[in-house]
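# An overview of the molecular structure
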Amino acid sequence: MRTILIPIFQGVEARNILRTDIFKKLRENENIKIVFLVSNEYKLEYYKKEFSEDDLLKFEVFNNFRKSFLEKLFSKFKIYLLKTETMDIKRKLRLHNSKNYPRYFISFIFNRIIARPFFIEIFRFLDYYLVKDKNFKYIFDKYKPDLVFLAHLFGDDEISILRETKKRNIKSVGFINSWDKLTSRCILRISPDWLIVPNEITKKEAIKYQNIDEKRIFISGPPQFDIYEQYKNYLSREEFCRKYNIDPSKKIILFCPLGNSFSNFDWKVAELLNQFYINKKIPTDVHIIVRFPPNDDVDIRENVNSSIFSFQKPGVRFNSKRGVDWDMKDEDNRLLVDTIYNSSVVVCFPSTMSIDSSVLNKPVININFLYDKKFDTDGLFHYYRMVHYKNILKHGGIKLVKTGEEFVLSLCDYLSDPTLDEKGRKKIVSEQVWKSDGKAGERIANFLVKLLK
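These remarks concern the structure in this document. (Residues numbered from 1 in each chain as written. Predicted model: local features only at pLDDT ≥ 70, side-chain atom pairs only at ≥ 80, totals over all residues. Heavy atoms only, no water.)

### Considering the pattern of salt bridges
Evaluated as defined, the whole model comprises 27 salt bridges. Glu71 is paired through a salt bridge with Arg163; the nearest N and O atoms lie 3.8 Å apart. Of the two residues, Glu71 is situated in helix 4 (residues 69-77) and Arg163 in helix 9 (residues 156-167); the sequence distance between them amounts to 92 residues. When sorted by exposure, Glu71 lands in the same class as Arg163, which is buried. In this structure, Arg124 and Glu121 form a salt bridge, with 3.0 Å as the shortest nitrogen-oxygen distance. (Salt bridge = Lys/Arg side-chain N within 4 Å of Asp/Glu carboxyl O. Helix = DSSP H or I, 4+ residues; strand = E, 2+ residues; numbered from the N terminus. Buried < 20%, exposed > 50% of the residue type's maximum accessible area, 1.4 Å probe, protein only.)

Following this line, the structure appears as structure tokens:
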């Protein structure tokens, strides 16, 4: 019997592991015991209701992570060791908000001096040997894992787990579960024995920015996109429209807002679409679905035409505030697939929805207006200039609209001819989703099983 320890402190971890073939394939192996760490008692009971515990599956609560002075110091220092265009943009945004010019210049110069492989390895060496913590000692004593699988190495709690793992000479595997983290978060404070990445782009970023040995990197594909192959028995248009009370003769515009925590102008997009419809600037045979993000609410004003709007609120939120505490069940993922499949065009901001939509070859419009630059303090629209997002915009598969006129023209063009910019969307999918065979989760599970043997 071999034991694998996996924290799922964040919703994205649960979605990418518990809701994919990573878990399903590991669960099928009678020689592997899986221990999931969760962050509170509520989530413990929530998961135990769906996944019955037995000798091969356990859920354990850990919610007592304590930071020492050195832990806090290294946690702050990790940001300065990452030198990317994205981090430069973030630094300028902080300057815009704080007007603290001395801090900006010190931070910039410091970054340019130390963000090098030599200093990164010194930092990791000191972090590993100087920081003393016993946060997860009792977890390791209790379960004695043979392998630890970590999907959020940018979190200090999971770095603490990795530190304990290495001190006990246990095999460790890290997983980069998002396309933006290697260039937009920080340096990995401690590197695992193996790093799993979703595609060739993130592999190059891990080598260039994180100083990870190429021989220790395994490309799997992003498991969260496996659903588009696994749920290929899509609901037909008639079935979908009947199920969700939509006139099947109408084309569907899918609008994916950011949520209240990131945006105070989601309602402006909804109202603009409403005005386009009223003024007949777009075809009147349309229906607009507004799909909320799984971890936030959306403020949509009441003065939109309810007859042409419907709303989806997927997922389970464990916290009333936007954050990492959420879950997307299988039925939520199925709804996502069927909704995109039956949509004629997708409207969104800089998010993975641009990739999701491209997987099903649906036209994508990104909004780059309706905000006041003076109050764009979070730098939302600067995301279009960040490394990860430039990687998909450069292919021309997405319309980045900067005015209402561009928006309405793009909507009409795509509603009339959904094959426009198809070549660019295919390029996005080939780079970001890699093999697109629905087997990324299976590849990761097989890789972990091989290491356990």
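This is not the end of the story, as more comes after the structure.
### Focus on the sheet that holds strand 1 (residues 2-7)
If you walk across this open sheet you meet the seven strands as 3-2-1-4-5-6-7, and the pairing is parallel. In this open sheet, the two edge strands, each paired with only one partner strand, are strand 3 (57-61) and strand 7 (217-219). Pairs of neighbouring strands in the sheet enclose a mean axial angle of 20°, with direction left out of account. The pairing of strand 6 (residues 194-197) with strand 7 spans three bridges and is parallel. Residue pairing in the sheet places Leu195 in a bridge with Ile217 of strand 7. Contacting strand 6 and strand 7, helix 11 (residues 200-210) crosses the sheet at an angle of about 165° to strand 7. Its contacts with the sheet put helix 20 (residues 440-452) on strand 1, strand 2 (32-38), strand 4 (147-150), strand 5 (171-175), strand 6 and strand 7, and the angle it makes with strand 5 is roughly 165°. (Pairing = 2+ DSSP bridges. Axes fitted to C-alpha atoms, helices over the stretch in contact; angles between N-to-C directions. Contact = heavy atoms within 4.5 Å.)

### As for the pairing of strand 9 (residues 286-291)
Regular strands show a simple pattern: their side chains alternate between the two faces of the sheet. Most of strand 9 sits inside the fold, with six of its six residues counted as buried. In strand 9, alternate side chains face the same way, and those of Val286, Ile288 and Val290 on one face and His287, Ile289 and Arg291 on the other are all buried. Pairing of strand 8 (residues 251-256) with strand 9 involves five bridges; the strand directions are parallel. Paired with Ile253 across the two strands is Ile288, which belongs to strand 9. Between the parallel elements strand 8 and strand 9, the chain passes through helix 14 (residues 266-278) in a crossover that is right-handed. Note: strand 9 against strand 10 (residues 309-312), four bridges, orientation parallel. Within strand 10, the residue paired with Arg291 across the bridge is Gln312. (Right-handed = clockwise from strand over helix to strand, strands pointing away.)

### Re helix 20
An ideal rise of 1.5 Å per residue puts 18 Å on 13 residues; helix 20 measures up with 19 Å between its terminal C-alpha atoms. For helix 20, the tally of buried residues reaches ten of 13 residues, placing the bulk of the element in the interior. Those residues of helix 20 not exposed but buried are Ala440, Gly441, Arg443, Ile444, Ala445, Phe447, Leu448, Val449, Leu451 and Leu452. (Expected span 1.5 Å × (residues − 1).)

### Observations regarding the packing of helix 5 (residues 85-98) against helix 6 (residues 101-114)
One way to put it is that helix 5 packs onto helix 6 with a least axis distance of 9 Å and a crossing angle of 165°. As summarised for this structure, helix 5 and helix 6 are arranged roughly antiparallel, according to the angle between their axes. The two elements helix 5 and helix 6 cross, and the hand of that crossing is right-handed. Here Asp88, Arg91, Lys92 and Leu95 of helix 5 lie close against helix 6, whose contacting residues are Tyr101, Tyr104, Ser107, Phe108, Asn111 and Arg112. (Parallel < 35°, antiparallel > 145°, perpendicular 65-115°, else oblique. Left-handed = near helix turned anticlockwise from the far one by under 90°.)

### Notes on the pairing of strand 14 (residues 364-367)
What you see with strand 14 is no split at all: Val364 and Asn366 on one side and Ile365 and Ile367 on the other are buried throughout. Where the polypeptide runs from strand 13 (residues 345-348) across helix 16 (residues 353-359) and back to strand 14, its parallel neighbour, the crossover connection is right-handed.

### What about the nonpolar core?
Ile253, Leu273, Val347, Phe349, Ile365, Phe407 and Leu411 are the most contacted members of the largest nonpolar core, which has 64 residues in total. At six residues, helix 14 tops the list of elements feeding residues into this core. Contact partners of Phe407, with chain neighbours within four places excluded, come to Val269, Leu272, Leu273, Phe276, Val347, Ile365, Ile367, Phe369 and Val401. Within the second largest apolar cluster, 34 residues are counted, among which are Tyr47, Leu57, Ala445 and Leu452. (Core = buried A, V, L, I, M, F, W, Y, C linked by side-chain atoms within 4.5 Å.)

### A look at the environment of Asn333
Structurally, the position occupied by Asn333 is in helix 15 (residues 330-341). Counting along the chain gives 105 residues from Asn333 to Tyr228, while the straight-line C-alpha distance between them is 9.4 Å.

### A closer look at the packing of aromatic side chains
Here the structure, examined in full by the defined rule, presents 34 aromatic pairs. With a centroid separation of 5.6 Å and an interplanar angle of 75°, the aromatic rings of Phe77 and Phe110 are classed as edge-to-face. Of this pair, Phe77 sits in helix 4 while Phe110 sits in helix 6, and the two are 33 residues apart along the sequence. On the accessibility criterion, Phe77 (30% relative accessible area) is partly exposed. An aromatic cluster of at least three residues, connected via ring pairs, comprises Phe23, Phe36, Tyr42, Tyr46, Tyr47, Phe51, Phe59 and Phe318. In this structure, Lys362 is placed above the aromatic ring of Tyr341, and the distance from its NZ or CZ to the ring centre is 5.7 Å. (Phe/Tyr/Trp six-rings, centres within 6.5 Å; stacked < 30°, edge-to-face > 60°. Lys NZ or Arg CZ within 6 Å of the ring centre and 35° of its normal.)

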